[in-house]
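# Observations on the three-dimensional arrangement
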Amino acid sequence: ILTVLNKIGEVAQFAVAEYQRLQDVDKQVDDLCSKLEFLMAMIQVAEEGNRIKRDELVRVWVNHLRSAVFQAEDIADEYFQEVYQSRPGFERKQARRCPCIPCFNLSEVPVRYDLAGQIKELLGRLDDIQNNKLLNMRPRMDGALDNNIQAIDKPTIGTMVVEGRVDAAVGFDGYIKSIINLLLEDKGSTVVVVTGESGIGKSTAARAVLGDRTVNRSFDICVWVCLPAKSRVDKYLDQIWKQSDEQTHHGCGRSEFKQVLAKMKSLVVLDGMDSMDELTGVLRELPGGAKGSRIVVTTQLPDEEIKQRRSGVTTVEVKSLEQADCVEFLDKVFSGRCRRVYKENQDKFVDKIYKISGGLPLAVVLLGGLLYFKDHETQWNEVFDLLESYARKRLIKRLLTVSYATMPTILKSCFLYFAAMPPNVPLDLKKLHRLWSAEGIAESESGGGFTENEVLARCLRVLVSRGLVERMEDGTKICIHQSVHGFAKEIAHETGFMESDSKFGIRGASTVRGLSIHNYVDRVIRIDKENCFPKLRTLLGDFAEDSITEVAHAKRGLRKSRLEFLRHSKFLRVVDLHGVKLGTLPDSIGDMIHLRYLGLRSCCLMDLPPSVAKLLNLETLDITDNQVQSIVDEFWKIKKLKHVLAEKLTLPLSAASMDLVTELETLQGVRLSSQWTQENCPIKNMAKIFSLAVVGATAACVRLLAKALEEKRALHHLKIAGDRIPLLRSSRYQPLQYLQLDGKILSDEGAAQSYHTRRPITASRIVLRSSCMSQELLGRFLSQPIVNELELLDNSFTDLKLLLQGDAFKYLKKLKLGNLKELEELVIGESAVPNLMTLEIFGCPKLKKIQGLKNLEQLKNLFFFDMPEIVAQLEAVDKELSGKIKHVRTSAWASTT
């Protein structure tokens with residue numbers, strides 16, 4: 001409703017200027033806004049109370065109110081649509097009376113849209129709903145207000161203090177040891193199945209096993225695969241192939257992969273396999289692997305069904321925590337502000353928590369999330385009393401209902417958005433932020449002095465603190481548990497927030513406003529012409545992207561989809577499709593003036609129609625994994641543009657074409673124009689640029705780029721790929737988080753003396769490919785003690801001896817050396833890398849000597865590939881190092897002939 005209020009206000013500002021005859025329109029809009037604000041509060045109270053009482057009349061009443069609110073949004077969007085289409089070209093005028101709508105002469109506007117009449121009709125409808133004597137809602141609403149949910153404070157995002165959550169696999173030690181023993185037994189079962197109810201900790205135990213050092217050293221590859229339900233078998237094989245290549249650098253093709261995998265000693269974890277047919281199909285296609293290979297499956301399927309369908313399987317059943325383990329688990333869960341309350345009242349609270357949660361780990365995490373922002377004993381008791389009043393509900397749903405009811409409005413929108421995503425699968429955080437921004441979620445959060453990105457980042461941290469979602473990998477991914485996802489999907493459907501399906505056969509398509517499609521069978525959109533979506537605002541789709549085998553046979557051609565049906569959905573704000581087989585976009589895409597997000601990833605697109613330049617509200621264009629190389633120059637005049645992600649997209653030759661693009665934060669996969677100069681380079685005007693990735697760069701372009709980026713304080717990620725890259729220096733440049741240079745780095749010896757006074761551009765993580773650097777040039781490049789992770793790959797270093805010395809590497813934690821064909825010796829100076837934890841070396845056939853590893857106290861992992869002499873040398877010098885070495889012998893299985 002807050003988003004609708006903002007939109008109604010914009011209509012009011014413009015309508016007064018457009019129609020002099022509507023002299024009372026401002027008063028009508030004020031009345032509508034006031035009524036919507038009041039009804040928004042009533043809807044929220046009624047919904048919360050009704051989750052306990054389940055009053056059918058309350059449900060019907062809320063649905064009628066929600067329908068009226070949607071009508072208000074339709075009125076606003078329809079009005080904007082008519083105005084924007086009233087006269088072609090008017091949107092380019094500079095004079096503006098409102099930030100959203102351009103000014104123009106009244107005589108030039110053919111639109112005679114009866115806004116006042118529609119608002120009057122809507123106000124009457126709202127009055128009828130609110131004062132319906134037949135329903136007699138007042139006592140029903142009073143009853144709803146009496147429920148204990150109202151006693152629990154609902155802080156805004158701005159007032160929430162977010163501290164870190166500590167998560168650990170506590171209470172699973174016995175299960176972890178049992179699984180590890182089964183994996184390492186010489187005559188153990190090939191398949192180990194970890195069973196248990198949802199939320200019991202199966203995936204947590206499996207992750208702990210996969211991260212165990214002994215397990216990692218015992219297998220050539222350790223792979224984790226978790227895909228959405230009903231995914232094709234070949235997608236599982238693709239995931240295993242990609243991860244095995246990353247771990248072993250075998251470089252074999254997809255067609256040879258099965259033969260190679262059959263010779264590896266592999267550990268494959270299949271997470272969340274809750275369909276027996278799907279599990280059987282994947283196990284049937286997986287090669288057996290070398291002697292000692294193992295497969296771990298996590299599932300909710302019962303032991304009996306698994307053993308009936310698959311012989312020779314060993315099962316490990318995970319059960320609820322004992323109370324003693326629960327206490328240890330709680331010590332990890334209750335961090336932050338609530339920890340003091342817990343410690344002061346631990347004796348009496350432990351029994352209550354264990355009684356409510358039943359020792360189910362997910363329940364304990366969710367309960368901890370409910371109490372996370374409660375810093376007084378009385379607040380804890382209020383939560384306990386409320387949960388007891390929900391005794392009729394199942395445990396997880398009871399906790400989630402209270403958690404959802406006590407969320408601020410903005411947090412509810414963020415949470416319900418996960419209903420459109422697959423459960424248990426890692427999701428990209430940056431993409432999620434872009435989607436939330438395009439939906440206008442942060443617009444409803446007023447005050448506090450936070451930027452939009454800060455508000456959204458804070459929302460995510462609060463969701464993590466509440467235990468509703470979990471950060472994955474290095475913090476760049478997020479996932480939602482299957483049980484939590486099921487609840488979000490149910491609420492999203494009830495409230496009309498989002499519908500989910502595997503196809504487009506949605507009942508009541510004419511009223512659907514949010515639609516999420518997950519089709520993992522094929523890449524084709526099949527939709528009847530009659531089954532259009534006129535009210536649709538959000539369309540998210542994830543389709544079965546071609547497997548690597550299908551890509552190899554792409555010349556045969558596949559049926560292509562068209563998006564002509566979208567011309568019926570003129571109110572769309574977000575379109576994000578992945579994997580759909582598209583030939584091109586229809587020209588009518590330019591008529592979607594409300595569109596803020598256009599994502600078409602892996603859609604076989606070759607070009608975009610010129611009409612995309614008419615998308616004046618567009619914030620994000622994501623065309624990664626496509627072949628689009630150019631866009632009409634007028635596209636770059638869209639002032640609201642924030643994110644452009646592509647593969648090899650050529651920017652306009654004329655710098656003047658991009659003068660208006662000052663809000664850009666992400667520019668990925670682009671080619672710079674050779675006609676730009678230091679004076680007119682448009683990147684100088686992009687003060688908010690956060691991430692920049694340039695391909696096909698020339699030396700001149702890189703020098704120009706370095707100068708333009710000198711004052712870009714917001715820049716954190718920089719990637720440059722080209723044949724020749726000058727050594728980047730700057731006088732005011734701050735360190736980056738990530739820097740990747742792919743191409744020969746040129747020495748700056750001949751540069752002016754003033755140039756040498758500038759510091760080289762550096763980052764906490766640096767990846768160099770094909771850089772052809774000498775020891776002397778590398779020393780100048782890494783002159784500042786900033787780098788934490790360093791990767792020298794594909795002949796990025798060409799000297800015979802690599803020496804790490806001085807202060808430049810004192811913060812280095814991870815070093816990767818790969819495909820350095822000339823390297824013969826690695827020498828680590830005394831106290832040069834005191835924080836080094838991981839060293840990985842592969843593809844260095846001439847490397848015969850490594851010095852300086854003995855006294856590295858922080859060193860934990862040494863990964864070597866086909867380096868028996870080095871391994872023997874290190875083990876002879878220091879027996880302690882042998883326990884840290886993982887040596888993979890790829891020569892035994894690298895060749896399939």
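What you see is a predicted model, and the numbers here were worked out from it, not measured in a lab.

Read from one edge to the other, the open sheet built from 5 strands follows the order 2-3-4-1-5, with strand pairing classed as parallel. Two strands in the sheet have a free side with no partner beyond their single neighbour: strand 2 (221–225) and strand 5 (313–317). Direction aside, the axes of adjacent strands within the sheet are offset by 15 degrees on average. Where helix 7 (residues 202–210) meets the sheet, it contacts strand 1 (191–195), strand 2, strand 3 (266–270) and strand 4 (294–299), and its direction lies at approximately 160 degrees from that of strand 2.

Another point: helix 9 (residues 233–248). In a regular helix each residue adds 1.5 Å, so 16 residues correspond to 22 Å; helix 9 covers 23 Å between its end C-alpha atoms and thus fits that length. Buried within helix 9 are the following residues: Tyr236, Leu237, Asp238, Ile240, Trp241, Gln243, Ser244 and Thr248. Trailing helix 9 by a residue or two, histidine 249 shows a phi angle of about 55 degrees, which is positive.

This paragraph deals with the sheet that holds strand 26 (residues 825–828). Two orientations exist for strands paired in a sheet by backbone hydrogen bonds: parallel and antiparallel. Taking strand neighbours across the sheet as the criterion, the 3 strands line up as 24-26-28 in an open arrangement whose pairing is parallel. Two strands close off the open sheet at either side, each with one partner strand: strand 24 (801–804) and strand 28 (849–851). When the angles between neighbouring strand axes are averaged without regard to direction, this sheet yields 5 degrees. Here strand 26 runs beside strand 28; their pairing, made up of 3 bridges, is parallel. Note that in strand 28 the partner of leucine 826 across the bridge is isoleucine 850.

Quick look at the packing of aromatic side chains now. In total, this model carries 11 aromatic pairs according to the counting rule given. Relative to phenylalanine 497, the ring of tyrosine 417 has its centre 6.3 Å away and its plane inclined at 80 degrees; by these criteria the two rings are edge-to-face. Of the two residues, tyrosine 417 sits in helix 19 (residues 409–417) while phenylalanine 497 sits in the loop between helix 22 (482–494) and strand 9 (499–501), which places them 80 residues apart along the sequence. The exposure class of tyrosine 417 is buried, given its relative accessible area of 1%. Given the relative accessible area of 26%, phenylalanine 497 is considered partly exposed. Aromatic pair phenylalanine 635 and tryptophan 636: ring centres 5.3 Å apart, planes at 85 degrees, arrangement edge-to-face. For phenylalanine 635, a relative accessible area of 1% translates into the label buried. On the accessibility criterion, tryptophan 636 (0% relative accessible area) is buried. Through successive ring pairs, a cluster of aromatic residues spans Phe349, Trp380 and Phe384. A cation over an aromatic ring shows up here: lysine 265 above the ring of phenylalanine 219, its NZ or CZ 5.4 Å from the ring centre. Sitting over the ring of tyrosine 404, lysine 412 keeps its end group 4.9 Å from the ring centre.

The predicted structure's coordinates, where accompanied by low pLDDT, should not be read in detail. On average, the chain scores 81 in pLDDT, and the residues at 70 or more come to 79%. Contacts from residues 19–23, a stretch scored under 50 in pLDDT, to residues over four places away or in other chains number 6 contacts. Per-residue pLDDT stays below 50 along residues 547–558; that stretch engages in 14 contacts with residues further than four places along the chain or on separate chains.

The next thing to look at is the pairing of strand 11 (residues 538–543). Burial analysis of strand 11 places 6 of its 6 residues in the buried class, the great majority of the element. Residues Thr538, Leu540 and Asp542 line one face of strand 11 and the alternating positions Leu539, Gly541 and Phe543 line the opposite face, and both faces are buried. Sheet topology places strand 10 (residues 514–519) next to strand 11; 6 bridges connect them, and they run parallel. Within strand 11, the residue paired with serine 516 across the bridge is leucine 540. Bridging between strand 11 and strand 12 (residues 574–578) involves 5 bridges; their strand directions are parallel. Its bridge partner lying in strand 12, glycine 541 is registered against leucine 577.

Take unusual backbone geometry next. Across the chain, the bulk of peptide bonds are trans and the bulk of non-glycine residues have phi less than zero. Look at serine 770: it is not a glycine, yet its phi comes out positive at around 55 degrees. Looking at where serine 770 falls in the secondary structure, it is placed in the loop between strand 22 (763–769) and helix 26 (775–781). By relative accessible area, serine 770 is classed as partly exposed at 29%.

The next subject is the nonpolar core. Counting residues in each nonpolar core, the largest one holds 118 residues, and the members touching the most others are Phe635, Trp636, Leu667, Ile841, Leu853 and Phe864. For this core, the element with the most residues is helix 24 (residues 699–708), which contributes 6 residues. Excluding residues within four positions of it along the chain, phenylalanine 635 makes contact with Val612, Ala613, Leu618, Leu621, Leu641 and Val644. Counting residues in hydrophobic clusters, the runner-up holds 98 residues, among them Leu183, Val215, Leu321 and Leu366.

Each value, and the rule that gives it
- Within any chain, residue numbers begin from 1 and follow the written order of that chain's sequence.
- Totals for whole chains, interfaces and linings use all residues, but because this is a predicted model, local features are given only for residues with pLDDT of at least 70 and pairs of side-chain atoms are given and counted only at 80 or more.
- To obtain the side-chain values, all non-hydrogen atoms of the structure were included, while hydrogens and water were left out.
- The pairing criterion for strands is at least two bridges between them, as found by DSSP.
- Secondary structure elements are taken from DSSP: a helix is a run of H or I of four residues or more, a strand is a run of E of two residues or more, and numbering for both begins at the N terminus.
- Helix axes are fitted to C-alpha atoms over the stretch in contact, other axes to C-alpha atoms as well, and angles between N-to-C directions run from 0 to 180 degrees.
- Any two residues having at least one pair of non-hydrogen atoms within 4.5 Å are treated as being in contact.
- By this rule, a helix spans an expected 1.5 Å times one less than how many residues it contains.
- When accessible area is computed with a 1.4 Å probe and restricted to protein chains, residues below 20% of their type maximum are described as buried, those above 50% as exposed, and intermediate ones as partly exposed.
- We call Phe, Tyr and Trp rings a pair once their centres come within 6.5 Å, taking the six-membered ring for Trp, and we label the pair stacked below 30 degrees between planes, edge-to-face above 60, and tilted otherwise.
- Over a ring means this: the NZ of a Lys or the CZ of an Arg is within 6 Å of the ring centre and within 35 degrees of the ring normal.
- Summary of the metric used: pLDDT quantifies the predictor's per-residue confidence within the range 0 to 100.
- What is meant by a nonpolar core is a set of buried Ala, Val, Leu, Ile, Met, Phe, Trp, Tyr and Cys residues, joined one to another through side-chain atoms within 4.5 Å.

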